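Architecture and fold: a report
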Amino acid sequence: MEQPRTATSPVAAAVKRGLDVTMTLAALLVAAPIMAAVAVAVLLTMGRPVIFRQQRIGWRGREFTLLKFRSMAGGSNIFAPSGDHARLTPLGRWLRATSLDELPSLWNVVRGDMSLVGPRPLVTAYRDLYTPEQFRRHDVRPGLTGLAQVSGRNALTWEQRFGYDVRYVDSWSLLLDARILVRTVVAVLARRGISAPGTVTAHEFRGSAPDRSPSLPTPTGSGAR
């Protein structure tokens, strides 16, 4: 791995941002026909709205509106993990399994809300539940994929996921980003770690015990959300 350097330094942040914009614009051009087809499928099977919008916590704790293709019936901006099983549609389940529901988030990268690689942005309801160490995950822009997503995704405990997020913040390099992107392709094709045991998405985060430190398993290359 390259010598770690913080992604919050001006030069490193500029390089990372430039690569994000260049690669994302190219990805949008390639994915445009797929996005159009998915939008029509969502409209025909679930109706409006086609795009799911939800406030998430981003860089330096600032809130932004995350864009995804809608995958659940009912309200478009409901946060209720316990009811996900009943609301997730067959098309939505497939979109999540293939990660195609994430394609509109490419616009979040172009707008500067997100990066291609970084800790996944979480709902604003979690803001007051983080420990100070866990909140360090917001020292960089959130990402479409990240170290936690290629190391277990939703199969990880919350403490393990936050541990990987902070490790990414402390160990960022261009080489690490490249490796995560490559592992993301493998992880999406494998479709592992899409959901936590006993749920169709992820368990709700209810806070960590103050004296509990994360135990990180050896990465095996699983899911990528």
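Residues numbered from 1 in each chain as written. Predicted model: local features only at pLDDT ≥ 70, side-chain atom pairs only at ≥ 80, totals over all residues. Heavy atoms only, no water.

Brief notes about the pairing of strand β1 (residues 51-57)
As paired elements, β1 and strand β2 (residues 63-69) share seven bridges and run antiparallel to each other. Opposite arginine 56, over in β2, you have phenylalanine 64 as the bridge partner. Adjacent in sequence and paired antiparallel, β1 and β2 are bridged by five residues, among which arginine 60 carries a positive phi angle near 60 degrees. (Pairing = 2+ DSSP bridges. Helix = DSSP H or I, 4+ residues; strand = E, 2+ residues; numbered from the N terminus.)

Observations concerning helix α6 (residues 158-171)
With 14 residues, α6 ought to run about 20 Å at 1.5 Å a step, and its terminal C-alpha atoms sit 20 Å apart, in line with that. The buried fraction of α6 is high, at 12 of 14 residues. (Expected span 1.5 Å × (residues − 1). Buried < 20%, exposed > 50% of the residue type's maximum accessible area, 1.4 Å probe, protein only.)

What to know about unusual backbone geometry
Going from arginine 48 to proline 49, the amide bond is cis rather than trans, its omega being -5 degrees. Looking at the element boundaries, proline 49 is found in the loop between α1 (10-46) and β1. At arginine 60, a residue that is not glycine, the phi angle is positive and equals roughly 60 degrees. Among the secondary structure elements, arginine 60 is positioned in the loop between β1 and β2. On the accessibility criterion, arginine 60 (55% relative accessible area) is exposed. Residues other than glycine seldom take positive phi values, yet serine 99 does so here, at roughly 65 degrees. Here serine 99 is to be found in the loop between α3 (90-98) and α4 (105-111).

Here we look at the confidence of the model for the protein
Within the protein, residue pLDDT values average 84, and 79% of them lie at 70 or more. Within the model, the stretch residues 1-5 combines pLDDT values under 50 with 15 contacts to residues more than four positions away or in other chains. Below a pLDDT of 50 lies the segment residues 211-215, which in the model reaches five contacts outside its immediate sequence neighbourhood of four places, other chains included. (pLDDT = per-residue confidence, 0-100. Contact = heavy atoms within 4.5 Å.)

Notes on the nonpolar core
One finds Val42, Phe69, Leu95, Leu103, Tyr168 and Ile180 to be the most contacted residues of the largest nonpolar core, which totals 32 residues. Counting only elements with at least two residues in this core, the list comes to α1, β2, α3, α4, β3 (115-117), α6 and α7 (174-190). With seven residues, α1 is the largest single contributor of residues to this core. Apart from the residues lying within four places of it in its own chain, the contact partners of isoleucine 180 are Val117, Thr145, Gly146, Leu147, Val150 and Tyr168. (Core = buried A, V, L, I, M, F, W, Y, C linked by side-chain atoms within 4.5 Å.)

Re the side chain of glutamine 134
On the secondary structure map, glutamine 134 appears in helix α5 (residues 132-135). You can call glutamine 134 buried: its relative accessible area is 8%. For glutamine 134, the contacting residues outside a window of four places in its chain are Leu129, Phe162, Val166, Phe205 and Ser208.

Focus: a nonpolar patch on the surface
A surface patch of nonpolar side chains, about 330 Å² in accessible area, is lined by Val11, Val15, Leu19 and Met23. Relative accessible area serves as the criterion here: at 60%, valine 11 is assigned to the exposed category. (Patch = residues over 30% accessible without salt bridge, like charges linked within 9 Å, V, L, I, M, F, W, Y side chains within 5 Å. Areas by Shrake-Rupley, 256 points an atom, 1.4 Å probe, with all protein chains shown as cover. Salt bridge = Lys/Arg side-chain N within 4 Å of Asp/Glu carboxyl O.)

Quick word on α1
Helix length check: α1 (37 residues) gives 44 Å between terminal C-alpha atoms against 54 Å at 1.5 Å per residue, more than 12% under. The largest bend in α1 comes to about 55 degrees, at alanine 31, with the proline proline 33 one to four residues further on. Looking at the buried side of α1, the elements it contacts are β2, α3, α4, β3, α6 and α7. Looking one or two places after α1, you find glycine 47, whose phi comes out positive at around 75 degrees. (Bend = angle between axes of the 7 residues up to and from the residue.)

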